[in-house]
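# Architecture and fold: a report
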Amino acid sequence: HPSAGDPYFLYAASNLGSLVALLSYPFLLEPNLRLRTQGQLWTAGYGILAWLVVACMITHWRQNSAQGDREGRNSGAEVGSYAGGRSEPITAVQRLRWVALAFVPSSLMLGVTAYLTADVASIPLLWVLPLSLYLLTFVLAFARKALVPQTLVNRLLPIGAVGLAYLLLSEATEPPWLLILLHLGFFFVAALLCHGRLAGERPPPSHLTEFYFWLSLGGVLGGLFNALVAPNVFNRVIEYPLAIVLACLLRSEASVFRVNRALDVALPLIVGWIAVALAVLIPRIHGLPLQLRLTLIFGIPLVLAYTLVDRSLRFGLGLSAVLLSGTFYSGGHGRTLHVERNFFGVLRVTLDPEGAFRRLVHGNTVHGRQFIDPARQNEPLSYYHRSGPLG
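What counts and what doesn't
Residues numbered from 1 in each chain as written. Predicted model: local features only at pLDDT ≥ 70, side-chain atom pairs only at ≥ 80, totals over all residues. Heavy atoms only, no water. Helix = DSSP H or I, 4+ residues; strand = E, 2+ residues; numbered from the N terminus. Buried < 20%, exposed > 50% of the residue type's maximum accessible area, 1.4 Å probe, protein only. Contact = heavy atoms within 4.5 Å. Areas by Shrake-Rupley, 256 points an atom, 1.4 Å probe, with all protein chains shown as cover. Lys, Arg positive; Asp, Glu negative; His and termini not counted. Charge placed at Lys NZ, Arg CZ, Asp CG, Glu CD. Pairing = 2+ DSSP bridges. Axes fitted to C-alpha atoms, helices over the stretch in contact; angles between N-to-C directions. Core = buried A, V, L, I, M, F, W, Y, C linked by side-chain atoms within 4.5 Å. Expected span 1.5 Å × (residues − 1). pLDDT = per-residue confidence, 0-100.

A count of helical and extended segments in the protein chain gives 13 helices and four strands. Its C-alpha atoms give the protein chain principal-axis dimensions of about 90 × 65 × 30 Å. The buried share of the protein chain, taken over its 391 residues, is 39%. Counting contacts in the protein chain only where the partners sit at least 6 residues apart, residues at least 24 apart contribute 68% of the total. Just so you have it, the protein chain exposes about 22,200 Å², and 66% of that area is on carbon and sulfur atoms. Once the 29 positive and 20 negative side-chain charges of the protein chain are each reduced to a mean point, those two points are 1 Å apart.

Structure representation (structure tokens):
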């Protein structure tokens, strides 16, 4: 086949099919077709698919094995035009990089979906948007022609990461539509960067099946990490900011695990210590407006972290140091007394800044308050009241 030397554009076509199916079902098929009709169409579709698979098998069996070997060698020779002439065996480091580049967008997709639906807006079918963007990045990355320059994506990613880190640290919740756009915008850029690097590192067609295996394995591991590992290991939603940091580390083609200079560790540590100092000291200054206080506590360290953007390792570690410093800031809900994580999310018991109430907080929503004063502890507060349904 004329495209046998570089057949990876078919992956763009398959993901485009997934995207069309994802968007057509809730908006076109589900509202207009009865469940019985849908079931019949799905049964017929799977039957056609099965026959197509059998036809491919029969066609393959009929090919002359010697001729197939010659075509495989020719395809491997032709691939030099897009793979840099690589014909050497795939290394373990390369496989690990493929897994990491597939892991991060998968984890990030689940992380941004959970964050937006729990902490920003509980909107039906909001999960469709991150999943659609995830599929769209595959379509763009594996297209025959580069539709989005990788250099532009590399420049946008750290800017978006710094802005997103500020939103997470400041616990911003308004306006919801703007926050949704910003979070999804960064996710799109990060996923496009990782998938673009995967497309750029695609091997000769003789390794195509293995390439897809490692790519799929990375996606599965990202899903397992967010769905099973993180809720049982972390008592807070760490997986979302962690995926943001990993995306920044993967921005460079160099190995992110290799420390070339002592400054790669020293400078992020300095940024982290500055962030911790500001998080502890600034709240003691009374009378500062909230936005000014947040800008001083988080804005200054994030700007310092951005000055390290020329080296992805320094920038990623600096950004992680600032995100970790957020644990030293009590926030608008006050000092955290207790944290638990369950199926519904993260629940916190906090002491308000004035020391008069305890609060039960889910995400950024206050679900209950209680007086510290023992004589008033049984007085219903927030949306609980003696004249209400639970009175």
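Attention now goes to the sheet that holds strand S2 (residues 345-351). Strand order across the open sheet formed by four strands is S1-S2-S3-S4, with antiparallel pairing between neighbours. Every other strand in the sheet has two partners, leaving strand S1 (335-342) and strand S4 (365-371) as the edge strands with one partner each. Strand after strand, the sheet turns through a mean of 15° between neighbouring axes, direction not considered. The pairing of strand S3 (residues 357-362) with S4 spans six bridges and is antiparallel.

If a strand is regular, its side chains alternate between the two faces of the sheet. Examined bridge by bridge, S1 and S2 share seven bridges and lie antiparallel to one another. Each bridged residue has a counterpart across the sheet, and for asparagine 342 the counterpart in S2 is glycine 345.

Inspection of the secondary structure assignment puts alanine 161 in helix H7 (residues 150-170). A relative accessible area of 0% means that alanine 161 is categorised as buried. Considering only alpha carbons, one finds alanine 161 and valine 189, 28 residues apart in sequence, at a separation of 10.0 Å. When residues no more than four places from it in sequence are discounted, the contact partners of alanine 161 are Phe186, Ile244, Cys248, Phe315 and Leu319.

This paragraph deals with the nonpolar core. Residues Phe142, Ile244 and Leu319 are the most contacted members of the largest nonpolar core, which totals 77 residues. It is helix H8 (residues 176-200) that contributes the most residues to this core, 13 residues altogether. Not counting residues up to four positions away in its chain, the partners in contact with phenylalanine 142 are Tyr8, Phe9, Tyr11, Ala12, His195, Leu198, Ala199, Phe211 and Leu215.

Let us now look at helix H13 (residues 312-325). The terminal C-alpha atoms of H13 lie 20 Å apart, and with 14 residues this matches the ideal 20 Å at 1.5 Å per residue to within 8%. In terms of residue burial, H13 counts as a mostly covered element, since 11 of its 14 residues are buried. When H13 is considered as a whole, its buried residues turn out to be Ser312, Leu313, Arg314, Phe315, Gly316, Gly318, Leu319, Ala321, Val322, Leu323 and Ser325. Each element contacted by the buried residues of H13 is listed here: H7, helix H10 (239-249), helix H11 (263-281) and helix H12 (290-306).

Confidence along the protein chain averages 85 in pLDDT terms, with 91% of residues attaining 70 or more. Per-element mean pLDDT across the protein chain ranges from 45 in helix H4 (residues 80-83) up to 94 in helix H6 (residues 128-141).

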